[in-house]
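So the chains spell out like this:
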Amino acid sequence: EETGKSGYDHFMLKEIYEQPRALRQCLRGRIEEQTATVDIGDLGGLNPTGVQLVACGTSYHAAKYGAQLFRDAGVSAQALLAHEYATAPPPIGNDLVVGISQSGETADTLSALREARRRGARTLTVTNTVGSTMDRECDHTLYIRSGPEIGVAATKTFAGQLTALNLLSLATSEGSNKRRTVVPALRDLAGHVQRILDSSAASTVAEQYDDAESYFFIGRGYQHPVALEGALKLKEISYEHAEGFAAGELKHGSLALVDENTPVFAIVVGDGEKAQKTVGNIKEVEARDAPVVAVTDGQSDAERYADHVLTIPESRPRTAAVLANVQLQLVAYHVADRLGRSIDKPRNLAKSVTVE
Ligand code: G6P
């Protein structure tokens, strides 16, 4: 097992560092920059009128992100927790039900996909695992090609899921104008992730806040699922309390918990309306003495109000989500490492949960 870690202390860290390669593999032969085309074979012809994305855990955060991609393309889309699928409105007409699962074996997701088939929907799985039950049972498969992931906490496969969902929405539902801007951003992703890995200040931030009472994560739009994922990662491997919020929601209740012992990680991308509003949320928590860690590309004035900055290269909001997430993975890893947790096999958790 030691040799499998290639010199890293943990599989999780190794897998975080494997992301540039995993992303290149996910995109290989699937994007063509000159012509701004995306080629995922027959899947490009699916043409869904509506999309339901079902998943659990980290994959559910990818589902929330994917639903936004489709909605931005004008396709009605919903992310649904797989174990709540029975309560969702049934799929109609040409709807596509997308099951997102690293393992392709999660019982809750599998049973939602089976239910979708019973309801007459077409099913597609976005998975890392060739030959998995979902791969075999669904009408279609989009592989994320991340390579094996050993650490229980999903890292490179989340990046792969977000990237593959971009391919799916671009190939089926988004126009050529969008492709012309997003394809280059996808091409740049691996290099940008490498820059973060080479220069991240996450270990310094972890050192500063490893004794915090609670950790909050906020983000808007495409950064909302990343805030949720940042909190989940930290909970899973550090056993510390963390919560992720849509940035605008914090003031509607949970702000009551914020004080000088609750560092707030705020993801701020670009300098548009969303970024400005999140900067406003930063000011709200700062006024309650919360330490602020801005995960930002430096385009807005978020840095002025932050105690620490985790920098990401400039990108489109949707691809910046992958980049911001890398910084949060590193924060979770370093906090858990400082606390001496069992990072690759956290207590109570399994890599794949095959019971409902
Ligand atoms: C388990 C794992 C999580 C994972 C979830 C979904 O609970 O501990 O890390 O996100 O299952 O797994 P899947 O293989 O369906 O993506």
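Now for a look at the structure at hand. It should be emphasised that the depicted structure is a prediction, and the values quoted were computed from it without experimental measurement.

**Some points on the sheet that holds strand β10 (residues 264-268)**
For step 1, the next point in the chain: The five strands are arranged β9-β8-β10-β11-β12 in an open sheet whose pairing can be described as parallel. Of all the strands in the sheet, just β9 (242-246) and β12 (308-311) have a single pairing partner and so form its edges. Going from strand to strand, the sheet's axes swing by 20 degrees on average, the running direction of each strand aside.
For step 2, the next point in the chain: Examined bridge by bridge, strand β8 (residues 215-219) and β9 share five bridges and lie parallel to one another. Note on β9: the bridge partner recorded for Tyr215 is Ala242.

**Examining helix α11 (residues 317-338)**
Since the α-helix turns once every 3.6 residues, residues separated by three or four places project in the same direction.
For step 1, the next point in the chain: With 22 residues, α11 extends 31 Å from end C-alpha to end C-alpha; this agrees with the ideal 32 Å at 1.5 Å per step.
For step 2, the next point in the chain: Taken across its 22 residues, α11 has 20 buried, putting it largely inside the fold.
For step 3, the next point in the chain: Positioned one or two residues after α11, Gly340 has a phi angle of 70 degrees, which is positive.

**Remarks on the site of the ligand**
For step 1, the next point in the chain: Residues in close proximity to the ligand total 17 residues, the closest being Gly57, Ser101, Gln102, Ser103 and Thr106.
For step 2, the next point in the chain: Looking at which element gives the most residues to the shell around the ligand, the answer is helix α3 (residues 57-72), with three residues.
For step 3, the next point in the chain: Its residues assigned to classes, the shell around the ligand comprises seven nonpolar, nine polar and one charged.

**Description of unusual backbone geometry**
For step 1, the next point in the chain: Phi at Arg145 takes a positive value of approximately 55 degrees, unusual for a residue other than glycine.
For step 2, the next point in the chain: Position of Arg145 relative to the elements: it lies in the loop between β7 (140-143) and α6 (156-172).
For step 3, the next point in the chain: Taking the C-beta count within 10 Å as the criterion, Arg145 has 19 such neighbours and is therefore assigned partly exposed.
For step 4, the next point in the chain: In the Ramachandran plot, Asn348 falls in the positive-phi region, its phi being about 70 degrees despite a non-glycine side chain.
For step 5, the next point in the chain: According to the C-beta neighbour criterion, Asn348 is exposed, with 6 such atoms within 10 Å.

**Quick notes on the pairing of strand β5 (residues 96-101)**
For step 1, the next point in the chain: Buried residues dominate β5, accounting for six of its six residues.
For step 2, the next point in the chain: What you see with β5 is no split at all: Leu96, Val98 and Ile100 on one side and Val97, Gly99 and Ser101 on the other are buried throughout.
For step 3, the next point in the chain: Of the pairings in the sheet, the one linking strand β3 (residues 50-55) to β5 comprises four bridges and is parallel in character. Note on β5: the bridge partner recorded for Val54 is Gly99.
For step 4, the next point in the chain: Examined bridge by bridge, β5 and strand β6 (residues 122-127) share six bridges and lie parallel to one another. Residue Ile100 lies in a different strand from β6, and its bridge partner there is Val126.
For step 5, the next point in the chain: Crossover connection from β5 via helix α4 (residues 107-118) to parallel β6: handedness right-handed.

Quick notes on the rules
Residues numbered from 1 in each chain as written. Predicted model: local features only at pLDDT ≥ 70, side-chain atom pairs only at ≥ 80, totals over all residues. Pairing = 2+ DSSP bridges. Helix = DSSP H or I, 4+ residues; strand = E, 2+ residues; numbered from the N terminus. Axes fitted to C-alpha atoms, helices over the stretch in contact; angles between N-to-C directions. Expected span 1.5 Å × (residues − 1). Buried ≥ 20, exposed ≤ 12 C-beta atoms within 10 Å, placed from the backbone. Near = placed C-beta within 6 Å. Nonpolar A, V, L, I, M, F, W, Y, C, P; charged D, E, K, R; others polar. Right-handed = clockwise from strand over helix to strand, strands pointing away.

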